[in-house]
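Notes for the structure review
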Amino acid sequence: MLEQNFFRRQKSFFIILLLFLAATCASVLPAFEPTISRQTRTNFSEAVGKSLATAAEALDKTFIKLVKALDATDNIAITTNSHFYDSNIRRYFISISGNVLFGGRTPITLKKSSYVLSGNSEISFDVTITDIKNIADGITFSFNGAIVVSMDRLAYQMMQTIPHLAASGAMAPAFELLGDFLNKLNIGILSEAISETFRRFSTVAITKTTTELLSAAGKNRHLGKLIRESCKNGTILDFLTLSIIKSASISLVSVGGATMGSTIGSLVAPGPGSVVGAYIGSQVATLIAKTAVYRLTEEMPMKMHIKRMINSYHILQDNKADAAARATFNRSMSKITKKINHELDSEKFKLFESFLKEVDELAPEERMAMVPLLKSLQYILNFKVTNDGDWYYARQYFQLKMRVEKWGMQAQIPFSTDPKILQNYK
C-alpha cells in the first residue's frame, strides 16, 4: 500500500537515494509520458539505429565509471550485477546492489523497515532499500535495484523539448547530443558530490557551503541568486547541487547559465552540458513527483509487480547469475500468484481477469516474462477443475487458454485436452 502521507514528507530523501544510483540516467529524464509508438520503433532507419546504439554504449561506459567511482568512496559500496543494451527492444538495463553510510543529518526519522522506490517513464527504475540501521555515525542501509532506459523514447522526448533539436525534426542529432554529453560528463565531480552529500548533509552544512560559494562567486550576481535560492529551499537535493558546484574546483566568477540546471550542466560536461543541463533542471521535479514509495512488507499494486517481473526477466536473459534480479522476479511472481489464488479459493475472478487484461496490453517481448506465472495459474485452475469439477473454474481455464492462443504462446504454455475439463466446460 502506498504510504501517501509518509511519501509527501519524505520524498526528497528517498529521491537522493535513487539519484546516487542513477545520477547519469536522471541527467536526461524527461517529464512526459512515452508517446512514441511501437510502430515508430520498428521504422527507424539504419543510420538512426546506429546513432542510438552509440548513445547506449556511451551511457553504459559512463554508468560503469560512475559506479566504480562511487564504490571507491569511503561511505558508498556499490556493485554492478548486470549491464547491457538490448538492440531488439532498444532498452539499456543495469542491475546494481550495495550498501550506504549516511553520515549527515537525515531530514526524516527512518523506520526500521524496507522500502521500494519505483518510477515508470522513459527511465523505469525499481530500487529496494533494506536493513536500515541507526549507528553512531549516522544510518546504514542496503539496496538493490534495476534501472531501464528506453533509449528511443528518451531521444524522442529530447527532440521535442530541446529547441534546436525540435527545429531539426530529426532524431539522430538527439542521440548524438546525448552521447556527446555522456562522453564528456565529469564522473569525478559527480561522484565526489554524491559522496559528500551522504557524508555531510544538514542545515548547518548547507549554510556553510552557501557562504563559501557566494564568496567564490564574487560579483557574479546571477550565480549568487541561484545559490541563495538553493540555500533557501534547503533540501537534500539542493545540497547535492551545491556540492557539485563546490566539487568543480574552478573560479565561479565567470560561470554562467540561465538556470541552475544549465549552470551545473556546463560544470560537469562543458559544451553539451549547458544545453542538456537546462533540460535536466526542468525535469528533476517531475522525477520526484512521479516516484512512488512503497513499504516492501505491504501489498503493492499488481501493475507494480508485473513491471518488476518484466525488468528482472530481461536482466536474467542476459545474466542468469544475477541473484538480485532472480529474487525480485520470484518475489513478485509469488505475490501475484498468492493473491489470485486466494481470490479463486473464494470463487472470485476479478483479479484473475484484471491480470489477463494487464498481460494483454504488454508488448510481445514483455509477455514472455509472464510465462512462469501464467503456467502457475494454469496449474491452479487445472487442479480446481479436475478435482472440484466446477464449471466456473473451467470457464476461467478456457479463458486463459484463449488468451494464450491469441498471444501465440502455445509452445511455452501447452494446454491439456483432458476430457474431464472439456466435459465440465460444456
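In case you missed it, the structure is sitting above this.
Here's a quick rundown of the structure. None of these values were measured; they are calculated from a predicted model. Residue positions are counted from 1 within each chain, in the order its sequence is given. The model is predicted, so local features are restricted to residues of pLDDT at least 70 and side-chain atom pairs to those at 80 or more, both for listing and for counting; the totals for chains, interfaces and linings are taken over all residues. No hydrogens and no water enter the side-chain calculation; it runs on all heavy atoms of the structure.

**A few points about the sheet that holds strand β1 (residues 76–86)**
In plain terms, the rule: DSSP calls a pair of strands paired once it identifies at least 2 bridges connecting them. A run of DSSP states H or I qualifies as a helix once it reaches four residues; a run of E qualifies as a strand once it reaches two. Both are numbered from the N-terminal end. Axis geometry follows a simple rule: fit a line to the C-alpha atoms, using only the stretch in contact for helices, then measure angles between N-to-C directions, giving values from 0 to 180 degrees.
If you walk across this open sheet you meet the 6 strands as β1-β2-β5-β4-β3-β6, and the pairing is antiparallel. Only two strands of the sheet have a single partner each, and these edge strands are β1 and β6 (292–295). Each strand of the sheet is rotated relative to its neighbour by a mean of 15°, with strand direction disregarded. Of the pairings in the sheet, the one linking strand β4 (residues 123–135) to strand β5 (residues 138–150) comprises 11 bridges and is antiparallel in character.

**A closer look at the pattern of salt bridges**
Worth spelling out the cut-off: In what follows, salt bridge is the name for a side-chain nitrogen of Lys or Arg lying within 4 Å of a carboxyl oxygen of Asp or Glu. Buried, partly exposed and exposed residues are distinguished by accessible area as a fraction of the type maximum, computed with a 1.4 Å probe on protein chains only: under 20%, between the cut-offs, and over 50%, respectively.
With the rule as written, the count across this model stands at 12 salt bridges. In this structure, arginine 199 engages aspartate 74 in a salt bridge whose closest nitrogen and oxygen atoms are separated by 2.4 Å. Here the residue arginine 199 occupies a position in helix α7 (residues 187–200), and aspartate 74 occupies one in the loop between α3 (46–71) and β1, the gap between them amounting to 125 residues. Arginine 199 sits in the partly exposed class, given a relative accessible area of 32%. Ionic pairing is found between lysine 246 and glutamate 212, a salt bridge with its closest N-O pair at 3.1 Å. In this pair, lysine 246 is assigned in helix α10 (residues 236–247) and glutamate 212 in helix α8 (residues 203–217), connecting sequence segments 34 residues apart.

**Quick word on the nonpolar core**
What counts here: The term nonpolar core refers to a set of buried residues drawn from Ala, Val, Leu, Ile, Met, Phe, Trp, Tyr and Cys, joined through side-chain atoms within 4.5 Å. Residues count as neighbours in contact if any of their non-hydrogen atoms are within 4.5 Å of one another.
Formed by 78 residues in total, the largest nonpolar core has its most connected members in Met151 and Ile244. Setting aside residues no more than four positions away along its own chain, isoleucine 244 makes contact with Ile189, Leu190, Ala193, Ile264 and Val268. Within the second largest apolar cluster, 44 residues are counted, among which are Phe349, Phe352, Ala369 and Tyr397.

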